[in-house]
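# Observations on the model geometry
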Amino acid sequence: MSDDYSASSIQVLEGLEAVRKRPGMYLGDPHDGSALHHCIWETVDNAVDEHLAGYNDKIDVIAHLDGSVSVRDYGRGIPVGIHADFGISAAEVIMTKLHAGGKFDNDSYKVSGGLHGVGVSAVNAVSEWMVMTIYRDGRTWEQAYSKGIPDAPLADIGPADATGTMIRFKPDLTIFTHIIDFDLSIIDTRLRETAFLNAGLCISIADEREEEIDTIEHRYDGGISEFVRKLNERRNPLHNEVVHIKGSIEIELGTVEVEVALQWSDAYNESVLCYTNIIRNHDGGTHLSGFKTSLTRTLNQYAQNRKLLKNVNQLSGEDIREGIAAIISIKHPDPSFSSQTKDKLVSSEVKGITEKIINEKLGEFLEENPSIAKIIIEKAVLASTAREAARKARDLTRRKGVLEGGGLPGKLADCQSRKPEECEIYIVEGDSAGGSAKTGRDRRTQAILPLRGKILNVERQLKNQAKVFQNQEIQTMIKALGAGVGNPIIAEEGEDSLTSDFADMFFNVEKLRYGKIIIMTDADIDGAHIRTLILTFIWRFMRPAVEHGKIFIAQPPLYQVARGRQTRYAFSDAERDMHIAELKVGHENAKIGIQRYKGLGEMNPEQLWETTMDPETRTMLRVTAEDFTDAGGDSQIFSTLMGDDVPERRAFIEKYAQEVTNLDV
Ligand code: 0RA
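What comes next concerns the included structure.

Parameters at a glance
Residues numbered from 1 in each chain as written. Predicted model: local features only at pLDDT ≥ 70, side-chain atom pairs only at ≥ 80, totals over all residues. Heavy atoms only, no water. Helix = DSSP H or I, 4+ residues; strand = E, 2+ residues; numbered from the N terminus. Buried < 20%, exposed > 50% of the residue type's maximum accessible area, 1.4 Å probe, protein only. Lys, Arg positive; Asp, Glu negative; His and termini not counted. Salt bridge = Lys/Arg side-chain N within 4 Å of Asp/Glu carboxyl O. Polar contact = N/O pair within 3.5 Å; in protein donor to acceptor, adjacent residues only side chain to side chain. Contact = heavy atoms within 4.5 Å. Near = heavy atom within 4 Å. Nonpolar A, V, L, I, M, F, W, Y, C, P; charged D, E, K, R; others polar. Phe/Tyr/Trp six-rings, centres within 6.5 Å; stacked < 30°, edge-to-face > 60°. Lys NZ or Arg CZ within 6 Å of the ring centre and 35° of its normal.

### Structural notes on the side chain of arginine 441
Relative to the helices and strands, arginine 441 resides in the loop between α12 (431–440) and β16 (446–451). Buried within the structure, arginine 441 lacks any salt-bridge partner; its nearest side chain of opposite charge belongs to aspartate 414, at an N-O separation of 6.6 Å. A distance of 3.2 Å separates the side chain of arginine 441 from the backbone oxygen of lysine 438, its partner in a polar contact. With near-sequence residues (within four places) excluded, arginine 441 lies in contact with Ala413, Asp414, Cys415, Gln446, Ala447, Ile448, Trp609 and Met613.

Written out as structure tokens, the structure reads:
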């Protein structure tokens, strides 16, 4: 045995010992299952490298009954010749020397690409046993190890009719204390991602521990384009074709390859996943910032050249990325990361490289696909308009005086009390009804805000919010309520609700100046329309007020039934008929007067107080979120109330009038 050999084997033992002592440093936490699965990733990565080098298109992963896992590839096979420096087979060097993976000094043994981490030797070190089988040059070679140490030199054990490498290892359970089982769903998820990132590579997974062994195969010839389609599976893409960009640039150390796939959907969030050498970078890095810069610049340039920006000066990066799903995958011969976990790529040259490639290729794509380009720009312009409106909303509420006393609208007849919990505001349709309400109210706790005519239908203006905030009646309401105004919450199919900067930002239900907001409109179709418009605005822009049960609908009577001095009010046809019958009892020919109230204005202040506003006797309908979201969607309450179907509307109101009796209001 040469001195060289003994020297290097001491080194090997020391290296293996280091891994066994501190597996967490090399493979992740040995107690939560992450290190255990990392062993598979590390082994598969070697086979993936062989694919990247262009020699392997299939990887078979099997979880065996005995708790071992085997990874078979069909590449060239690990070199079996004696390594000049170490005097042992190159295969043994790879399996026993830490970091030997990509760090061979001798170029002839350089692992293809040399892309991956700690190397399979670390896996060997934490394995109770490992067997390496190599199929190469028509022969089969084998070497077995215990805890990383070879049982015997690599041996030729017979002929072979294929090429490739199989590595089978059994984790050492004295190191992996807590979780002893491989989890197939974890393996499946990760290896599917690997398959997406390596177009054409087929990865099969089988679990021999199951009674019925079925083999899962992942193969995506479309690569990251198919990955993007998968991301958008539950969304509505705005264009069918996925934009796929690929390019490379030479640097001193070798080639940097940049591959990007992207597609926009009608969603509001952005999902951009970044990878370096097939490893996910959760915090992005220089490839992501290059991507963002280039996307913003290229799309703005294109839009400006084509005069597609109408009322918008320039599209921001956020506007452009609204609704985007993208995969950024780069290959780098020697990447640097901010940490051991590789969550963030920091190689500075990558930003410029990514930018350059995307500038060029995305520019080309847009030129060649003007209709897709138009769709993307239009989406960004909409996002920009909405964002601008959001900014205006913010300004409106921030401007001094808008929220507090000094800024109260002139039309508001405020109440005397300043305790929101005992205060109410009646939002009343029309000036004349407003007049009656002002006279009839309890001015200590009841405020009256008359609105003139119909307010804007905000449902049609969700994409153009600036118009909403310019509307006089809406401004008046925002000021009177004193709690600011939010931005439209547009529920998205399959997602909880809109999360980004649109949701409930500037409306603060705690700041409401009144504990009850009562909408009081005429009991006719016009009144129902106006009520619906007000409710729509509140639902879209002040939703928490609904959710906190602050919104009510006043229930003025539909009829007055009178016999002599006896008067009764009826809130439905049925109640009217009941009153008539009761008043007639014993006086078949009695003269009964029936007055149908067409508007609040027909009631004098006392009547309005008595029937509709007196907290002791009135009935009111409390509006709940379910009223907007019941089966049939947002539009149910709207269509019922907006519709011309009078009987239906009446039935609706009667139904609520009934429910309201149980309400303590
Ligand atoms: C070093 C050099 C060559 C291939 C490999 C390593 C290799 C390593 C692994 C690990 C798992 N599967 C593998 N397949 C190949 C290139 C040898 C040549 O030039 O033929």
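Okay, back to it.
### Considerations on the site of the ligand
Around the ligand, the structure places twelve residues, and the nearest of them are Glu50, Asp73, Arg76, Ile78 and Arg136. Between aspartate 73 and the ligand, the recorded distance is 2.6 Å, taken from a side-chain N or O atom to a nitrogen atom. Its residues assigned to classes, the shell around the ligand shows five nonpolar, three polar and four charged.

### Thoughts on the packing of aromatic side chains
As enumerated under the stated definition, the model contains six aromatic pairs in all. For the pair phenylalanine 227 and tyrosine 275, a centre-to-centre distance of 6.3 Å together with 45° between the ring planes defines the contact as tilted. Highlighted residues: phenylalanine 227 in helix α7 (residues 224–231) and tyrosine 275 in strand β12 (residues 271–276), separated in sequence by 48 residues. Taking the centre distance of 6.5 Å and the plane angle of 25° together, the rings of tyrosine 569 and tyrosine 597 count as stacked. Taken together, the residues tyrosine 569 in strand β20 (residues 566–570) and tyrosine 597 in the loop between β21 (593–596) and α18 (605–613) connect sequence positions 28 residues apart. Judged by its relative accessible area of 15%, tyrosine 569 is buried. Its relative accessible area of 2% is what places tyrosine 597 among the buried residues. Directly above the aromatic system of tyrosine 74 lies the positively charged group of arginine 72, at a separation of 4.1 Å from the ring centroid.

No statement about biological role is implied by the geometric values presented.
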